[in-house]
2 protein chains.
Amino acid sequence: MEEIKITRAQTFKEKPDPSTLVFGKAMTDHMFIVDYDVGQGWHDPRIVPYGPLAIDPAAKVLHYAQEIFEGLKAYRTADGSIQLFRPLDNVRRMNDSAARMSLPQIPEDLALAGITELVKLEQEWVPSAKDTSLYIRPFMVGLDAALGVHSSHHCQYIVIVCPVGAYYPEGLDPVKIYVEDQDVRAVKGGTGMAKTGGNYAASLRAGDRAEANGYSQVLWLDGVHRKYIEEVGSMNVMFKIAGKILTPDLNGSVLPGITRRSCIQLLKDWGYEVEERRISAEELFEAAENGTLEEAWGTGTAAVVSPIGELAMGDKKVTVSNNQIGEITQRLYDALTDIQWGRAEDPHDWIMKLC
Amino acid sequence: MEEIKITRAQTFKEKPDPSTLVFGKAMTDHMFIVDYDVGQGWHDPRIVPYGPLAIDPAAKVLHYAQEIFEGLKAYRTADGSIQLFRPLDNVRRMNDSAARMSLPQIPEDLALAGITELVKLEQEWVPSAKDTSLYIRPFMVGLDAALGVHSSHHCQYIVIVCPVGAYYPEGLDPVKIYVEDQDVRAVKGGTGMAKTGGNYAASLRAGDRAEANGYSQVLWLDGVHRKYIEEVGSMNVMFKIAGKILTPDLNGSVLPGITRRSCIQLLKDWGYEVEERRISAEELFEAAENGTLEEAWGTGTAAVVSPIGELAMGDKKVTVSNNQIGEITQRLYDALTDIQWGRAEDPHDWIMKLC
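1. Some points on the side chain of B:R137
In step 1: Mapped onto the elements of the fold, B:R137 is located in strand 8 (residues 133-142).
In step 2: Of the side chains with opposite charge, B:E70 comes closest to the buried, unpaired B:R137, at an N-O distance of 8.1 Å.
In step 3: A distance of 3.0 Å separates the side chain of B:R137 from the backbone oxygen of B:E70, its partner in a polar contact.
In step 4: A polar side-chain atom of B:R137 sits 2.9 Å from a polar atom in the side chain of B:Y135.
In step 5: For B:R137, the residues in contact, after removing those within four places along its chain, are A:H63, A:Y64, A:L147, B:F69, B:E70, B:I158, B:V159 and B:I160.

Structure (structure tokens):
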């Protein structure tokens, strides 16, 4: 791998008070960039001062959304060291996303080095207050300055990082979720399995509407039948129904979440039966009405685990686990965050120690 | 409306040879920009030298594809004057796209002034060779530098322009089209009716694959049943079957094309029956096999009208109008381009004379 050239910032930002962190706003002093050109491959990996990118107004990313991203975190442990959680899973998923979006594959060692070297350089930015971490956002964009609808020959892979608190200001308080019956986030054959901008763009209106109506997020239904549950907001979703854990299967329009995968592993470790399958909203509401819906939660890197306390669909409203954090939800949150922050053993080799 | 402030370029690019124009690459010397901020509305409209945009690496458009665009053209007529074709339709469609993508509505006079004032300033860039024009690309992007999945509070509407020849290097030669049976471009409830990046991003892989297999474009099927025809490449599509014109109806996942609408009007003017309805790929291939598929063509601003000479689906291949330009296809192309370039009357008030 080509050596990463480092250009240090001349001025440094003030680090934000960890108690007032807003998710994804306090970018650090540096960023990692590497260029790709057809025929040349990936070249010129570098860490440079954080600042605006000079992007041609005709660049593909601004018109045809040729863009993918990942999200992971660096955690400060009690002894002051810094570690990552399953970073190679993010790199591999980025390459899966790249394949769908006609972006180039990036060598795993290069993609990973962009993450690890930047975090090491910015290690003072990794906060140590409870529930805080350094959020890492690798992304790849197509940059050809040409308005024809074609894949880019020139791309960049960029990593930016920022200290974060919890994603939801509510913290682990249960959130109210609304079953979206108008907009669709993704459909089989589309881009739902890829972490690409278009899926999120498609979700903004419903998110705004949910918020305006007093809900935190929407529960997405599938685009074909409009009845099977896919995700919640930008998270995967799980339910405990009659003692069993249910989660939508990875059918092509659901993001293969790394927190999802980790939760399934932990649940199996603990002896739970986990069913990955189609779950209709009707089945869910019936379970709520007959008292077998015991818990519901979202899973994602940003929020880790987010308990669902209320579900609404049309005129129907149901409360889940008395609008309290359920036992499994709490246990998953504790187990995952204990591993992530180094407070517990790491039986599955999920942790990469950094410095 | 606030006055547009003009900052002229200090150096000027050489204008490209009109015979070698590649679509969408030769940007002119200036661009139009206007900012939007929640609470302040649209402000600071300006024309500035064309050049890279300084975009924060955390900007929404780079991660969540909050972006929409339009495409139209300025035409030079025989007397040297310059005119636009249905520009207000583009502005209105942009506002429809904005509503779906949680972007702000832009006043029609402001959006239009961005187009007309830029074209007037760049009038020397409007080419006069046959089939050439100045392509106009208005677009709007969400620019908040924050990684939470939310609509942007800060946006820009930008207009860039470039002289173009024909979109397809083949010109009006019939193209070979392949029925895409793997990827889906859009689904009802999604963003197919909006001119937004995600739809185009979703289409890139299939376009690459078609090209690698010797086809110009793909024919998109609907995302629900995977059997009804929606668009061809990034164009609307029309068929002449047994004397009647058929085109997919605007069902929510099909772009309401302005060239589509214009073609339908002309066809009705000429006494043709035009049916906007569901058309299955099966129906299309049956018509081809029993000899009633007389013509097939795509419609769009860039290519105007693009004849389809061959259709392939799985192992089946059919030739359309002996791989020649059909009579209606040619008549539509001639009628539209004659109006656009001022060679014919404009019975429907589609033309806006500029200078």
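The rest of the description comes next.
2. Here's the deal with the relation of the copies chain B and chain A
In step 1: Between the two copies, chain B and chain A, the superposition gives an RMSD of 0.0 Å; the rotation angle is 180 degrees and the shift along the axis is 0.0 Å. In short, the pair behaves as if placed about a two-fold rotation axis. Relative to the rotation axis, the C-alpha of B:G198 is the closest in chain B, positioned 1.9 Å from it.
In step 2: Mapped onto chain A, 100% of the interface residues of chain B again fall at the interface, so both copies present the same surface.

3. Some words on the side chain of A:R100
In step 1: Position of A:R100 among the secondary structure elements: in helix 2 (residues 87-100).
In step 2: Engagement of the side chain of A:R100 in a polar contact is seen with the backbone oxygen of A:G190, the distance being 3.0 Å.
In step 3: Leaving out residues up to four positions away in the same chain, A:R100 has contacts with A:G189, A:G190, A:T191, A:M193, A:A194, B:D183, B:V184, B:A202 and B:R205.

4. Brief notes about the pairing of strand 16 (residues 293-300) of chain B
Residues and elements named next belong to chain B.
In step 1: Across the eight residues of strand 16, seven count as buried, placing the element largely inside the fold.
In step 2: With six bridges joining them, strand 13 (residues 236-241) and strand 16 adopt antiparallel strand pairing. Each residue of the ladder has a partner; that of V237, found in strand 16, is G298.
In step 3: Relative to strand 17 (residues 304-313), strand 16 runs antiparallel, the two sharing four bridges. Counted as the bridge partner of W297 is P307 from strand 17.

5. Concerning the pattern of salt bridges
In step 1: A complete count under the given rule lists 36 salt bridges over all chains for this structure.
In step 2: Measuring nitrogen to oxygen at the nearest pair gives 2.7 Å for the salt bridge that ties A:D35 to A:R46. Here A:R46 lies in strand 3 (residues 41-49) and A:D35 lies in strand 2 (residues 30-37), a separation of eleven residues in the sequence.
In step 3: Taking relative accessible area as the criterion, A:D35 reaches 8% and is therefore assigned buried.
In step 4: In this structure, A:K240 engages A:E294 in a salt bridge whose closest nitrogen and oxygen atoms are separated by 2.6 Å. Taken together, the positions of A:K240 in strand 13 (residues 236-241) and A:E294 in strand 16 (residues 293-300) put the pair 54 residues apart, joining distant regions of the chain.
In step 5: A:E294 sits in the partly exposed class, given a relative accessible area of 29%.
In step 6: The network of salt bridges with shared partners includes A:R100, B:E180, B:D183, B:R205 and B:R209.

6. Re the interface of chain B and chain A
In step 1: Every contact between the two is made by 62 residues of chain B and, on the other side, 62 residues of chain A.
In step 2: With both chains or domains summed, chain B and chain A bury close to 4800 Å², and 60% of this area falls on carbon and sulfur atoms.
In step 3: At the junction of chain B and chain A, the tally comes to two salt bridges.
In step 4: With a closest N to O distance of 3.5 Å, B:D183 and A:R100 form a salt bridge.
In step 5: At the junction of chain B with chain A, the criterion picks out 33 residue pairs in polar contact (both at pLDDT 80 or more).
In step 6: At ten residues, the largest contribution of residues to the side of chain B that touches chain A is made by helix 4 (residues 197-212) of chain B.

7. Points about the nonpolar core
In step 1: Within the largest apolar cluster, 74 residues are counted, with the highest numbers of intra-cluster contacts made by A:V119, A:Y157, B:V119 and B:Y157.
In step 2: Non-local contacts of B:Y157, meaning those with residues more than four positions away in its chain, are made with B:F32, B:I33, B:V34, B:W42, B:M94, B:I106, B:A111, B:I115, B:P138, B:F139 and B:M140.
In step 3: Counting 56 residues, the second largest nonpolar core, distinct from the first, contains B:F23, B:M31, B:L147 and B:I158.

8. A look at the packing of aromatic side chains
In step 1: Enumeration according to the criterion identifies 18 aromatic pairs over all chains in this entry.
In step 2: Taken together, a centroid distance of 5.0 Å and an interplanar angle of 55 degrees make the contact between B:F69 and B:Y200 tilted. With a gap of 131 residues between them, B:F69 in strand 5 (residues 67-69) and B:Y200 in helix 4 connect regions that are remote in the sequence.
In step 3: Judged by relative accessible area, B:F69 falls into the buried class, the value being 2%.
In step 4: B:Y200 gets classed as buried once you look at its relative accessible area, which sits at 6%.
In step 5: Taken together, the aromatic side chains of A:Y64, B:F69 and B:Y200 make up a single cluster linked through ring pairs.
In step 6: Directly above the aromatic system of B:Y228 lies the positively charged group of B:R278, at a separation of 4.3 Å from the ring centroid.

9. Observations concerning the domain arrangement of chain A
Residue and element names in this part refer to chain A.
In step 1: Split into domains, chain A comes out as domain 1 (5-164) and domain 2 (175-340).
In step 2: Using only C-alpha atoms to locate each centre, domain 1 and domain 2 end up separated by 27 Å.
In step 3: Counting from both sides, the interface comprises 21 residues of domain 1 and, opposite them, 22 residues of domain 2.
In step 4: Here domain 1 and domain 2 share an interface that buries about 1800 Å² over both sides, 57% of which is from carbon and sulfur atoms.
In step 5: On inspection of domain 1 and its partner domain 2, the count reaches one salt bridge.
In step 6: Notably, a salt bridge pairs D89 with R261, separated by 2.5 Å at the nearest N-O pair.

Thresholds, definitions, all that
Residues numbered from 1 in each chain as written. Chains lettered and ligands numbered in written order. Predicted model: local features only at pLDDT ≥ 70, side-chain atom pairs only at ≥ 80, totals over all residues. Heavy atoms only, no water. Helix = DSSP H or I, 4+ residues; strand = E, 2+ residues; numbered from the N terminus. Buried < 20%, exposed > 50% of the residue type's maximum accessible area, 1.4 Å probe, protein only. Lys, Arg positive; Asp, Glu negative; His and termini not counted. Salt bridge = Lys/Arg side-chain N within 4 Å of Asp/Glu carboxyl O. Polar contact = N/O pair within 3.5 Å; in protein donor to acceptor, adjacent residues only side chain to side chain. Contact = heavy atoms within 4.5 Å. Least-squares fit on C-alpha atoms with pLDDT ≥ 70 in both. Pairing = 2+ DSSP bridges. Buried area = accessible area lost by both parts, 1.4 Å probe. Core = buried A, V, L, I, M, F, W, Y, C linked by side-chain atoms within 4.5 Å. Phe/Tyr/Trp six-rings, centres within 6.5 Å; stacked < 30°, edge-to-face > 60°. Lys NZ or Arg CZ within 6 Å of the ring centre and 35° of its normal. Domains from an automatic or database assignment.

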